[in-house]
Amino acid sequence: MRLDKYLCDALGATRKEATKIIKSGDVTVNEQVQKSGAFKVDDHSIVEWQGREVQKPGPRYIMLFKPDGFVCSHEDGFNQTAFMLLDEVRIEDLHFAGRLDVDTTGLVLITDDGQWSHRITSPKHKCDKTYRVWLADPIQPHYADEFTKGIQLRNEKGLTLPAKLELVDAQENEVLLTINEGKYHQVKRMFAALGNKVEHLHRERIGQIELCESLEPGDYRYLTQEEVDSVWG
Ligand code: URA
């Protein structure tokens, strides 16, 4: 592909804008400045503009460590949105593959590929999500059984689907919970139904994709091809 076409597709720029960017001398391909729009790039080329990598045109798949206090939506009259943490072009094309509450931290996946995110969010595909949960009161011995059998949530018809509760070492108030549904405030409501309260909630995993340990709250990175493909199972 020509370098100017690559930049048009990747940045959503017009051909005229891409030409101007290239002529400015700020664009490198594999660390060499390129001033010609006709220069050919391929799948292995590293294209940078002003020292930052320009991601290949095509669908984007991002993992973000959502901090407390950010909402998973494009607009909010009150809170900051998680999209504000992304230094990306064409933010309006992106959406969340499953939201978190404003006070929940951890893994959110962001993409512009609707079929891919549907695989994660559609109830039909029962994608596992693992949460680390800190509770107000100690875990009771009967909890694990209740989660396996299913829990009756207020204002819901049936029981929740079987969920897996794992204790964390000798912690009395901390558990890992894996569910494969995504009902509104589901984890908080499940514990509320057992008479406990979630003090803090943190998502660690969606399907096979784990929150990268090197990310700090507010950081993000692109998914590897292996992570992207894992969603198709
Ligand atoms: N369940 C909740 O209650 N809140 C979240 O943010 C995610 C799952």
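Residues numbered from 1 in each chain as written. Predicted model: local features only at pLDDT ≥ 70, side-chain atom pairs only at ≥ 80, totals over all residues. Heavy atoms only, no water.

Some points on helix H1 (residues 3-11)
Then step 1. Most of H1 is tucked away: seven of the nine residues are buried.
Then step 2. Along H1, the positions that sit buried rather than exposed are Leu-3, Asp-4, Tyr-6, Leu-7, Cys-8, Ala-10 and Leu-11.
Then step 3. On the buried face of H1, the contacting elements are helix H2 (15-23), strand S1 (27-29) and strand S3 (47-49).
Then step 4. Immediately beyond the C-terminal end of H1, within one or two residues, lies Gly-12, with a positive phi of roughly 70°. (Buried < 20%, exposed > 50% of the residue type's maximum accessible area, 1.4 Å probe, protein only. Helix = DSSP H or I, 4+ residues; strand = E, 2+ residues; numbered from the N terminus. Contact = heavy atoms within 4.5 Å.)

A few points about the site of the ligand
Then step 1. Every residue near the ligand is listed here: Leu-100, Asp-101, Thr-104, Tyr-131, His-185, Gln-186, Val-187, Lys-188 and Leu-201.
Then step 2. Contact distances for the ligand include 2.9 Å between an oxygen atom and a side-chain N or O atom of Thr-104.
Then step 3. Residue Val-187 places a main-chain N or O atom 3.1 Å away from a nitrogen atom belonging to the ligand.
Then step 4. Out of a free accessible area of 240 Å², the ligand has 94% covered by protein chains.
Then step 5. No other element matches the three residues that helix H5 (residues 186-193) contributes to the shell around the ligand.
Then step 6. When its residues are assigned to classes, the shell around the ligand shows four nonpolar, three polar and two charged.
Then step 7. If you count residues domain by domain, the shell around the ligand takes at least three from each of domain 2 (61-123 + 211-230) and domain 3 (128-206). (Near = heavy atom within 4 Å. Polar contact = N/O pair within 3.5 Å; in protein donor to acceptor, adjacent residues only side chain to side chain. Areas by Shrake-Rupley, 256 points an atom, 1.4 Å probe, with all protein chains shown as cover. Nonpolar A, V, L, I, M, F, W, Y, C, P; charged D, E, K, R; others polar. Domains from an automatic or database assignment.)

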